[in-house]
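# Chain and residue survey
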Amino acid sequence: MSDIDRDSLPAILSHAWTLLVRGGADRKSPLHTPVVASVDGDGLPQTRVMVLRKADPAAASLRFHTDARSPKVAQLDGKPVSVLAYHPQEQMQLRISGRARIGTDDAVVEGIWDQSTLFARRCYLAQSAPGTPLPGPASGLPEWIEGQQPTAAQIAPARPNFAVLWVDVTAIDWLHLANSGHRRAVFGAGDGWAGAWLAP
Ligand SMILES: Cc1cc2nc3c(=O)[nH]c(=O)nc-3n(C[C@H](O)[C@H](O)[C@H](O)COP(=O)(O)O)c2cc1C
């Protein structure tokens, strides 16, 4: 567990972002795979695990990659979003609120697509949108690419299926569990991220 001053709001916020940045960079971090929540067209909550690709403390944003055809894209674009992460070693829960932004065709998305590995890009070759019923068990990928790394030319048609989800963070609810006494604080853009203590 990190040795930070858990009675200091600025230290807590800074540490939370440090762990999020690590979560975006380190596949072994428990913050690498948070749960992203949306609300569907029927008003029902929908949750799913997503890989955190990057956390940017200066911009207060998180970045995820997804299939532009997946139901979550329509559920999230321009809407409120909640991201949940738990770090067992730190005994820390983060409940992150924000606004979702979907990018599909600007230069930034293009750059992210170009930097992704060919293997990572392969899943966007899936013929049907995620969630489409299939006649039997299958990956949804075309047969010719199963088990193979595509070439740059082969992957090009998959590009329109790639989308970036940005979460512009508006608040972070931080909870730390400890035998010596749990602690909880909330930080929000509204108060300049000064933070306030809450009952755990
Ligand atoms: C460990 C793990 C990582 C995942 N990472 C992603 C991801 O980065 N992007 C994504 O769209 N789906 C990811 N998924 C799949 C989603 O959880 C979900 O099943 C899929 O995106 C369909 O979600 P939707 O129907 O809500 O759109 C991941 C699943 C697991 C188990």
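Structure's up top.
As a starting point, this report considers the structure included with it. Along each chain, the written sequence defines residue order, and numbers are assigned to residues from 1. Whole-chain, interface and lining totals are the exception, using all residues; otherwise, since this is a predicted model, local features are given only for residues with pLDDT of at least 70 and side-chain atom pairs are given and counted only at 80 or more. By convention in this description, side-chain values take in all heavy atoms of the structure and omit both hydrogens and water.

## Observations regarding the overall build of the chain
- The numbering of helices and of strands both runs from the N terminus, where a helix is a DSSP run of H or I of at least 4 residues and a strand a run of E of at least 2. Broken down by element type, the chain carries five helices and nine strands.
- Each helix and strand of the chain, placed in order from N terminus to C terminus, yields the pattern α-β-β-β-β-α-β-β-α-α-α-β-β-β.
- Here the C-alpha coordinates of the chain stretch approximately 55 × 35 × 35 Å along the principal axes.
- When a residue's accessible area, from a 1.4 Å probe over protein chains only, is under 20% of the maximum for its type it is buried; when over 50% it is exposed; and in between it is partly exposed. Taking all 200 residues of the chain together, 42% fall into the buried category.
- Within the chain, contacts between residues at least 6 apart in sequence are counted, and of these 60% link residues at least 24 apart.
- In this description, accessible areas are obtained by the Shrake-Rupley approach with a 1.4 Å probe, and a residue is regarded as covered only by the protein chains that are shown. Accessible surface, the chain: about 10,600 Å² in total, of which carbon and sulfur atoms supply 54%. The contact rule is simple, with two residues in contact once any of their heavy atoms fall within 4.5 Å.

## Regarding the environment of L76
- For L76, the location among the structural elements is in helix α2 (residues 71-76).
- Once the C-alpha coordinates of L76 and L9 are considered, the two residues, 67 residues apart in sequence, prove to be 30 Å apart.
- The contacts of L76, once residues within four sequence positions are left out, are V36, A37, S38, V81, A100 and L165.

## Topic: the site of the ligand
- Note on definitions. A residue lies near a molecule or strand when any single heavy atom of the residue is within 4 Å of it. Taken together, the residues surrounding the ligand are R48, V49, M50, V51, R53, H65, T66, S70, P71 and K72.
- A distance of 2.8 Å separates an oxygen atom of the ligand from a polar atom in the side chain of R48.
- Here a polar contact is taken to be a pair of N or O atoms separated by no more than 3.5 Å, where protein atoms must pair a possible hydrogen donor with a possible acceptor and residues adjacent in sequence count only if both atoms sit in side chains. Note that an oxygen atom of the ligand is positioned 2.8 Å from one of the backbone N or O atoms of V49.
- Of all the secondary structure elements, the ones that give two or more residues to the shell around the ligand are β2 (45-49), β4 (61-67) and α2.
- When the residues that make up the shell around the ligand are grouped by side-chain class, the tally is four nonpolar, three polar and three charged. Under this grouping Gly is polar, as are all residues other than the nonpolar Ala, Val, Leu, Ile, Met, Phe, Trp, Tyr, Cys and Pro and the charged Asp, Glu, Lys and Arg.

## Remarks on helix α3 (residues 107-115)
- Of all the positions in α3, only V109, I112 and W113 are classed as buried. For α3, the arc enclosing every buried residue in end-on projection is 100 degrees, short of the 170-degree limit, so these residues lie on one face. The exposed residues of α3 that point more than 90 degrees off its buried face are A107, D114 and Q115.
- Those residues of α3 hidden inside the fold are in contact with β4, β6 (92-103), α4 (118-122), α5 (152-155) and β7 (162-176). By definition, the arc is the one covered by directions from the helix axis to the C-beta atoms.

## What to know about helix α1 (residues 9-25)
- Here a helix's expected span is defined as the number of its residues, less one, multiplied by 1.5 Å. Here α1 is 17 residues long and its end C-alpha atoms lie 25 Å apart, about the 24 Å a rise of 1.5 Å per residue gives.
- Every buried residue of α1 is listed here: L9, I12, L13, H15, A16, W17, L19, L20, G23 and G24.
- For α1, the side-chain oxygen to backbone nitrogen distance between the N-cap and A11 is 3.2 Å, and the N-cap itself is S8.

## Side note on the pattern of salt bridges
- Any Lys or Arg side-chain nitrogen found within 4 Å of a carboxyl oxygen on Asp or Glu counts as a salt bridge. Tallied over the entire structure, the rule returns seven salt bridges.
- Between R6 and E90 there is a salt bridge, with the nearest N and O atoms lying 3.4 Å from each other. On the criterion of sequence distance, the pair formed by R6 in the segment before α1 and E90 in the loop between β5 (80-87) and β6 is long-range, its members being 84 residues apart.
- Between D67 and R69 there is a salt bridge, and its shortest N-O distance comes to 2.9 Å.
- Put simply, R95, D173 and R184 are held in one network by salt bridges that share partners.

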